[in-house]
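Here is what each chain is made of, one letter per residue.
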Amino acid sequence: MHGFTDVDRQPDPKSWVGVLDRLTGEPFYQAYQQRVRELLRPSPGRRYLDVGAGTGASAVRLRNDHDVTVLTVDRSLTMALAMRARDLTQCAVADAHQLPFLDDSIDGAWADRTVQHLADPHAAIRELARVVRPGGRIVLADPDYDTQVLDIADQDLARRVLRFRADVMLRNGTLAHQHAGILATLGLADVTVEPRTLLVRDPSAADNVLGLRSWADTAAQRGVLDPAEARAFEEQFDEAVEAGRFTYAVTFFLTAATVM
């Protein structure tokens, strides 16, 4: 499984609604998602699209704060049901690579932590550019796992586990710093990039960084690490927490542009 691409096939798919809601409640996520909405430059009465909308929390905020219509797309029926429960009635269960909207029919669109999971990110970003009208805005937000750091005793082991996260656990875990180039190649204008670094000192925060402590065990299960190395990683992880020196960081890139 890559990220949230197979939520509906999980043993308890509804549990992912809780995971995403907990992340949305974290101050870091609240702050950068607010900035994503600002970069859309929303105007009352206009129509905006959230692709890979998850539980719809950000879509609800945009709708309520700016008096706009928000359409949402997610390939997960579980997430669509969660959104509809939040009165996001214009929700489509659809693929980001083939959006069910006419050309130039949307005033602005965003994809938050979505592109990293997609089979063909270039095709999906072209779809965003297709459905957004000239003058409308597109905003992409993703972490770039090439920027990860982790303070445990064995830095070589840390780097190997973090590379597994970047290169194996995600389809496009290191693409975010290239989003600006993709948008520019598609002919969009006013391309801007803003970094936001998630810094975690308390490993229980942000849902334990989506299970950071378990990444080594997952790598061992897939034959990338020796089981003894996975145990060593967990031991050193716990030692860093106990010593009060645990530090993990990854940088998100918020990339915005105007459709011409």
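Residues numbered from 1 in each chain as written. Predicted model: local features only at pLDDT ≥ 70, side-chain atom pairs only at ≥ 80, totals over all residues. Heavy atoms only, no water.

- The name given to the protein in an unreviewed UniProt entry is SAM-dependent methyltransferase, and the organism recorded there is Micromonospora echinospora.

1. Things to note about the overall build of the protein
Now for step 1: Helix and strand content of the protein: ten helices and seven strands.
Now for step 2: Restricting to contacts in the protein with at least 6 residues of sequence separation, those with at least 24 account for 76%.
Now for step 3: Put simply, the protein shows about 11500 Å² of open surface, and 49% of that area lies on carbon and sulfur atoms.
Now for step 4: Each charge class in the protein can be summarised by its mean position, and for the 29 positive and 37 negative side chains these summaries are 4 Å apart. (Helix = DSSP H or I, 4+ residues; strand = E, 2+ residues; numbered from the N terminus. Contact = heavy atoms within 4.5 Å. Areas by Shrake-Rupley, 256 points an atom, 1.4 Å probe, with all protein chains shown as cover. Lys, Arg positive; Asp, Glu negative; His and termini not counted. Charge placed at Lys NZ, Arg CZ, Asp CG, Glu CD.)

2. Overview of the pairing of strand β7 (residues 248-258)
Now for step 1: The element β7 is largely enclosed, with a buried count of eleven among its eleven residues.
Now for step 2: Alternating residues of β7 divide into Tyr248, Val250, Phe252, Leu254, Ala256 and Thr258 and Ala249, Thr251, Phe253, Thr255 and Ala257, and every residue in both groups is buried.
Now for step 3: Relative to β7, strand β5 (residues 132-150) runs antiparallel, the two being bridged by ten bridges. Its bridge partner being in β7, Asp144 is matched across the sheet by Thr251. (Buried < 20%, exposed > 50% of the residue type's maximum accessible area, 1.4 Å probe, protein only. Pairing = 2+ DSSP bridges.)

3. Comments concerning unusual backbone geometry
Now for step 1: Even without being a glycine, Arg41 presents a positive backbone phi close to 55 degrees.
Now for step 2: Structurally, the position occupied by Arg41 is in the loop between α2 (27-39) and β1 (47-51).
Now for step 3: Residue classification places Arg41 among the exposed positions, given a relative accessible area of 52%.
Now for step 4: Of note, the phi angle at Asp87 is positive, near 65 degrees, even though the residue is not glycine.

4. Quick notes on the environment of Thr218
Now for step 1: With respect to the helices, strands and loops of the structure, Thr218 is situated in helix α9 (residues 215-221).
Now for step 2: What makes Thr218 buried here is its relative accessible area of 18%.
Now for step 3: Between the C-alpha atoms of Thr218 and Val139, which are 79 residues apart in sequence, the distance is 32 Å.

5. Details of the packing of helix α6 (residues 155-167) against helix α10 (residues 227-243)
Now for step 1: Relative to each other, α6 and α10 sit at 105 degrees, their axes nearing to 11 Å. Taken together, the axes of α6 and α10 are roughly perpendicular relative to one another. Mapping the contact onto sequence places Leu157, Arg160 and Val161 in α6 and Glu229, Ala232, Phe233 and Gln236 in α10. (Axes fitted to C-alpha atoms, helices over the stretch in contact; angles between N-to-C directions. Parallel < 35°, antiparallel > 145°, perpendicular 65-115°, else oblique.)

6. Notes on the nonpolar core
Now for step 1: Judged by nonpolar contacts, the single largest core of 57 residues is most densely connected at Tyr32, Trp110, Leu150, Phe233, Phe246 and Tyr248.
Now for step 2: Counting residues per element, this core draws most heavily on α6, at six residues.
Now for step 3: Ranked by size, the runner-up nonpolar core spans 27 residues in total, among them Ala124, Ala129, Leu140 and Ile182. (Core = buried A, V, L, I, M, F, W, Y, C linked by side-chain atoms within 4.5 Å.)

7. Quick word on the sheet that holds β7
Now for step 1: In space, the seven strands of this open sheet follow the order β3-β2-β1-β4-β5-β7-β6, with mixed pairing throughout. Both edges of this open sheet fall to β3 (91-93) and β6 (189-200), since each of them pairs with a single strand only. Adjacent strand axes in the sheet meet at a mean angle of 15 degrees when their direction is disregarded.
Now for step 2: With ten bridges connecting them, β6 and β7 associate as antiparallel partners. Bridge pairing in β7 places Val200 opposite Tyr248.
Now for step 3: Here α6 sits on the sheet in contact with β5 and β7, set at roughly 150 degrees to β5.

8. So, the pattern of salt bridges
Any two side chains of opposite charge can pair, on the condition that their charged atoms come close.
Now for step 1: For the structure shown, the criterion picks out 15 salt bridges.
Now for step 2: A salt bridge links Arg46 to Asp107, with the shortest nitrogen-to-oxygen separation between them at 3.3 Å. A residue pair is termed long-range when its members are at least 10 positions apart, and Arg46 in the loop between α2 and β1 and Asp107 in strand β4 (residues 106-112) qualify at 61 residues.
Now for step 3: Judged by its relative accessible area of 34%, Arg46 is partly exposed.
Now for step 4: Accessibility expressed as a relative area gives 13% for Asp107, which makes it buried. (Salt bridge = Lys/Arg side-chain N within 4 Å of Asp/Glu carboxyl O.)

9. Considering the packing of aromatic side chains
Note on aromatic pairs: each is described by the distance of the centres and the angle between the planes.
Now for step 1: Taken as a whole and judged by the stated rule, the model has nine aromatic pairs.
Now for step 2: Relative to Tyr29, the ring of Phe28 lies with its centre 5.4 Å away and its plane at 90 degrees, an arrangement referred to as edge-to-face. Residue Phe28 shares its accessibility class with Tyr29, and that shared class is buried.
Now for step 3: Each ring, one from Tyr32 and one from Phe252, has its centre 5.1 Å from the other, and the planes form 50 degrees; the classification is tilted. One end of the pair, Tyr32, is in helix α2; the other, Phe252, is in strand β7, with 220 residues separating them in the sequence. We note that Tyr32, like Phe252, is buried.
Now for step 4: Grouping aromatic residues by their ring pairs yields a cluster made of Phe28, Tyr29, Tyr32 and Phe252. (Phe/Tyr/Trp six-rings, centres within 6.5 Å; stacked < 30°, edge-to-face > 60°.)

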